[in-house]
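# Summary of the model geometry
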Amino acid sequence: MTAPPGRRERKKAATRQKIADAALRLFLERGYDAVGIRDVAAEADVAVTTLFSHFASKEALVFEQDADFEHRLARAVADRAPHEPLIPALRREIQALVRHCTADGAAPVWRMIDASPALREYEESMRLRHAESLATAIAAEPGLSRTPTACRAVARFAIDAYSLAREAADPEAAVDEVFRMIEAAWEAAGPLGESGEETARPRVAAEGA
């Protein structure tokens, strides 16, 4: 079981969130290009060096949950139940991420991102990084037995499902539609176990033993 964060970790997380909240508030009020790093630091009442200790760039301030999303995708693979197939586990996590990113209040943020070439470029590089991280997690799983190319392809399809669904009129229906195609592609990639399903993962692997 993961130990709860200590006081120092909680303080760091609170400072990071305060910076991100201040940045988003200023970006939406004044426009992304009109706000500088020093403006954000002043609004959050932190030093510029403190800001950069939490965020590597101005663009990263907009995508403050980047690392958390990447981690969640990898854990959706590694932490699924011992006999749960891969694709339903991925679909469930992508649905959760889509719900988060289409919640009330998200639309102005996405309009800001779409209007900024720098933010669009950052988002694209972030998606590619998430896809590579997800592919690595899939390839590392016992019992899946797919080629590296198949793992990377399915990972990219899953990340694209998130992007397509976010822009759809019915995001959850769009995720389901795309994942039906993803599942067909995954099955076609093979090889499969003798039963015609994915080989079950060893329980010790699922439990981290």
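Anyway, here's the lowdown on the structure attached to this text. Note that the coordinates shown come from a computational prediction; the quantities given were computed from them, not determined experimentally.

Attention now goes to the packing of aromatic side chains. Evaluation of the coordinates by the stated rule reveals 2 aromatic pairs. Relative to Tyr 122, the ring of Phe 63 lies with its centre 5.3 Å away and its plane at 20°, an arrangement referred to as stacked. Placement of Phe 63 in the loop between α4 (58–62) and α5 (66–78) and of Tyr 122 in helix α8 (residues 117–139) is noted, with a sequence separation of 59 residues between them. As far as burial versus exposure is concerned, Phe 63 and Tyr 122 are alike and both buried. Over the ring of Tyr 32 we find Lys 58, and its NZ or CZ is 4.2 Å from the ring centre. Of note, Arg 166 hangs over the ring of Trp 110, and the distance from its end group to the ring centre comes to 3.4 Å.

Core analysis: the largest hydrophobic core is formed by 58 residues, its most contacted members being Phe 27, Val 40, Val 62, Ile 138 and Phe 179. When neighbours within four sequence positions are excluded, Val 62 is seen to be in contact with Phe 27, Tyr 32, Val 109, Met 112, Ile 113 and Leu 119.

Okay, the packing of helix α9 (residues 148–166) against helix α10 (residues 171–189) next. With their axes 9 Å apart at the nearest point, α9 and α10 run at an angle of 170° to one another. The pairing of α9 with α10 is recorded here as roughly antiparallel in orientation. Across the interface between the two elements, Ala 150, Cys 151, Val 154, Phe 157, Ala 158, Ala 161, Leu 164 and Ala 165 of α9 pack against Pro 171, Ala 174, Val 175, Val 178, Phe 179, Ile 182, Ala 185, Trp 186 and Ala 189 of α10.

This brings us to unusual backbone geometry. Positive phi is not limited to glycine here, since Asp 45 has a value of about 60°. Position of Asp 45 among the secondary structure elements: in the loop between α2 (37–44) and α3 (48–54). A relative accessible area of 65% places Asp 45 in the exposed class. A positive phi angle, near 50°, is found at Ser 145, a position not held by glycine. Here Ser 145 lies in the loop between α8 and α9. Accessibility expressed as a relative area gives 44% for Ser 145, which makes it partly exposed.

Turning to α2, a few remarks are in order. Within α2, burial applies to Ile 37, Val 40, Ala 41 and Ala 44. Summarising the axial view, the buried residues of α2 lie within an arc of 100°, below the 170-degree limit, and thus occupy one face. Along α2, the residues that are exposed and aim more than 90 degrees away from the buried face are Arg 38 and Ala 42. Where α2 is buried, its residues meet α1 (7–30), α3 and α4. Two residues or fewer after α2 comes Asp 45, characterised by a positive phi angle close to 60°.

Rules behind the numbers
- Each chain carries its own residue numbering, running from 1 in the written order of its sequence.
- Local features in this predicted model are restricted to residues of pLDDT 70 or higher, and side-chain atom pairs are both shown and tallied only at a pLDDT of 80 or more, whereas totals for entire chains, interfaces and linings draw on every residue.
- Values reported for side chains reflect all heavy atoms of the structure, with hydrogen atoms and water molecules removed beforehand.
- Any pair of Phe, Tyr and Trp rings, taking the six-membered ring for Trp, is counted once the centres come within 6.5 Å. Such a pair is stacked with planes under 30 degrees apart, edge-to-face with planes over 60 apart, and tilted for the rest.
- The secondary structure listing takes helices from DSSP runs of H or I that are at least 4 residues long and strands from runs of E that are at least 2 residues long, numbered from the N terminus.
- Relative accessibility decides the category of a residue: with a 1.4 Å probe and only protein chains considered, values under 20% of the type maximum give buried, values over 50% give exposed, and everything between is partly exposed.
- Here, over-ring charges are defined by two tests on the NZ atom of lysine or the CZ atom of arginine: distance to the ring centre within 6 Å, and angle to the ring normal within 35 degrees.
- To form a nonpolar core, buried Ala, Val, Leu, Ile, Met, Phe, Trp, Tyr and Cys residues must be joined to one another through side-chain atoms within 4.5 Å.
- Contact between two residues is taken to exist if any of their heavy atoms lie within 4.5 Å; hydrogens are not considered.
- Here, axes are lines fitted to C-alpha atoms. For helices the fit covers the stretch in contact, and angles between N-to-C directions go from 0 to 180 degrees.
- In what follows, roughly perpendicular refers to angles from 65 to 115 degrees, roughly parallel to angles under 35, roughly antiparallel to angles over 145, and oblique to any angle outside these ranges.
- Working definition: the arc comes from the directions between the helix axis and the C-beta atoms, pointing outward to the latter.

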